[in-house]
Amino acid sequence: MGQSPALGRWLFWFVVAAVVLLLLWLLNDILLPFVVGMVVAYFLDPVVVRLERARLSRTMATSVVTIVAVLAAVGIVMAILPPLFGQIQSLITSAPEYIVKAMGRIQPLIEPLRNRLGLDPPSVHDLQAEATQWAGKGLAFAGGLVGAVAERGVAIINLLGLLFITPVVTFYLLRDWEKVMAAIDGTLPLDHADTIRKLTRESNEAIAGYMRGQALVCLALGSFYGIGLTLVGLQFGLVIGLIAGAISFIPFVGTLVGAVMALGMALAQFPPDWMGVVKVAAVFLLGQTLEGNFLSPKLVGDRVGLHPVWIMFALLAGGSLFGFTGVLIAVPVAAVLGVIVRHFLARYRESDLYRGSANG
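Residues numbered from 1 in each chain as written. Predicted model: local features only at pLDDT ≥ 70, side-chain atom pairs only at ≥ 80, totals over all residues. Heavy atoms only, no water.

Novice: Kindly report on the overall build of the protein chain, identifying the contributing residues and their values.
Specialist: Helices and strands together make up the secondary structure of the protein chain, namely 12 helices and 0 strands. N-terminal to C-terminal, the α/β element order of the protein chain is α-α-α-α-α-α-α-α-α-α-α-α. Relative to its full complement of 360 residues, the protein chain shows a buried share of 29%. If you take every contact in the protein chain between residues at least 6 apart in sequence, the share linking residues at least 24 apart comes to 72%. Approximately 22,600 Å² of the protein chain is accessible, and the part contributed by carbon and sulfur atoms is 72%. (Helix = DSSP H or I, 4+ residues; strand = E, 2+ residues; numbered from the N terminus. Buried < 20%, exposed > 50% of the residue type's maximum accessible area, 1.4 Å probe, protein only. Contact = heavy atoms within 4.5 Å. Areas by Shrake-Rupley, 256 points an atom, 1.4 Å probe, with all protein chains shown as cover.)

Now the structure itself:
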């Protein structure tokens with residue numbers, strides 16, 4: 001009995017998907033510069049298109065945008081990294097002391113509950129020893145992780161790739177973006193080309209709306225938290241604010257992590273002047289209000305069409321499978337899968353399998 005054409009097509013696309021996933025897994029260690037270049041080119045393509053409309057050639061527009069983007073990135077890195085590294089180093093060195101101070105402020109607040117449960121209060125020496133132990137374990141784990149990555153040469157390759165390969169990839173992708181899209185369009189199976197183009201347009205709208213909007217949200221929140229915490233006098237406010245903003249692309253996690261770090265630092269630094277703790281809490285309350293009522297609705301909205309829990313799952317799954325490269329592509333892949341799933345659900349609800357033969 002011969003194989004049906006439909007089964008053959010499904011088998012073909014299954015093999016293609018399997019080969020792509022296998023290549024991603026095998027080449028994961030060197031993909032980061034190319035993925036970053038693709039992401040940057042995707043972000044900057046609308047700017048190149050606008051310059052083309054101003055009667056610049058594609059090559060000239062791409063050159064201008066690439067040079068400006070590289071200079072801006074270098075300027076931002078040179079302005080932020082020195083004070084940021086200084087704060088990170090001081091934070092790591094002082095972490096045990098601040099943990100002990102924060103626990104000392106919290107301990108009187110939970111003393112009634114401890115007495116009811118019959119638990120003995122820990123001594124300051126015990127708190128300091130435990131904090132030092134956990135800080136040492138954290139540093140040892142981070143050092144071991146960095147060492148293991150460096151031994152494989154991945155860190156050096158990715159660093160050199162980001163510095164030298166990413167701008168080149170970005171330039172050529174921007175210059176040839178329309179040609180690449182036309183070449184891909186020319187390979188689509190004719191029977192399903194219109195459907196694939198429709199799904200591609202919907203996926204592009206979802207990805208562009210979410211990624212560009214979420215990038216602006218992260219930038220705005222990182223700037224707001226970093227400047228706000230610094231202005232209220234919180235030590236290491238810049239690094240805590242930037243961390244909170246950088247991970248705000250994970251729903252609710254950025255604000256939660258930043259608030260816990262900032263309030264813990266405030267408890268160690270400000271009391272008996274509790275107004276400083278209130279100011280730190282007010283910064284995050286105002287930031288969350290700004291994000292929930294203005295930034296996310298205006299810049300992101302519901303364009304991606306994915307539940308926050310599914311976004312968190314996609315980010316964790318992408319990071320687990322492909323590291324930082326997987327985190328970069330997690331939301332776009334999840335958005336495309338969401339569009340495809342909604343398409344097939346709509347087809348299913350129109351079929352006899354859902355409606356039943358009696359309703360056909």
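Novice: Summarise unusual backbone geometry; cite the residues concerned and give the values.
Specialist: Residues other than glycine predominantly adopt negative phi, and peptide bonds predominantly adopt the trans conformation. The phi angle at Arg55 is positive, at roughly 75 degrees, despite the residue not being glycine. Mapped onto the elements of the fold, Arg55 is located in the loop between α2 (28-53) and α3 (58-117). Classification of Arg55 as exposed rests on a relative accessible area of 81%.

Novice: Describe a nonpolar patch on the surface, and please don't skip the residues or the numbers.
Specialist: On the surface, Leu11, Phe14, Val15, Val19, Leu22, Leu23, Trp25, Leu26, Leu27 and Ile30 cluster together to form a nonpolar patch covering roughly 980 Å² of accessible area. As for its placement among the helices and strands, Val19 is situated in helix α1 (residues 5-26). Val19 sits in the partly exposed class, given a relative accessible area of 43%. (Patch = residues over 30% accessible without salt bridge, like charges linked within 9 Å, V, L, I, M, F, W, Y side chains within 5 Å. Salt bridge = Lys/Arg side-chain N within 4 Å of Asp/Glu carboxyl O.)

Novice: Before we move on, could you go through the environment of Ser57 and cite the residues and values that matter?
Specialist: Turning to its location among the elements, Ser57 is positioned in the loop between α2 and α3. Owing to a relative accessible area of 42%, Ser57 belongs among the partly exposed residues under this scheme. Sequence separation between Ser57 and Arg175 is 118 residues; the distance between their C-alpha atoms is 9.7 Å. Separated by 3.1 Å, the side chain of Ser57 and the backbone nitrogen of Met60 make a polar contact. (Polar contact = N/O pair within 3.5 Å; in protein donor to acceptor, adjacent residues only side chain to side chain.)

Novice: So, the packing of aromatic side chains: which residues are in play, and what are the values?
Specialist: Two descriptors summarise a pair of aromatic rings, namely the distance from one centre to the other and the angle between the planes of the rings. Counted under the stated rule, the structure contains 4 aromatic pairs. Here Phe224 and Tyr225 contribute two aromatic rings whose centre-to-centre distance is 5.8 Å and whose plane-to-plane angle is 65 degrees, an arrangement assigned as edge-to-face. Take Phe224: its relative accessible area is 26%, and that puts it in the partly exposed class. Consider the rings of Tyr225 and Phe284, whose centres lie 4.5 Å apart with planes at 20 degrees: the pair is stacked. A residue pair is termed long-range when its members are at least 10 positions apart, and Tyr225 in helix α7 (residues 193-231) and Phe284 in helix α10 (residues 275-300) qualify at 59 residues. In terms of burial, Tyr225 and Phe284 fall into one category: buried. Ring-pair connections join several aromatic residues into one group, and the members of that group are Phe224, Tyr225 and Phe284. (Phe/Tyr/Trp six-rings, centres within 6.5 Å; stacked < 30°, edge-to-face > 60°.)

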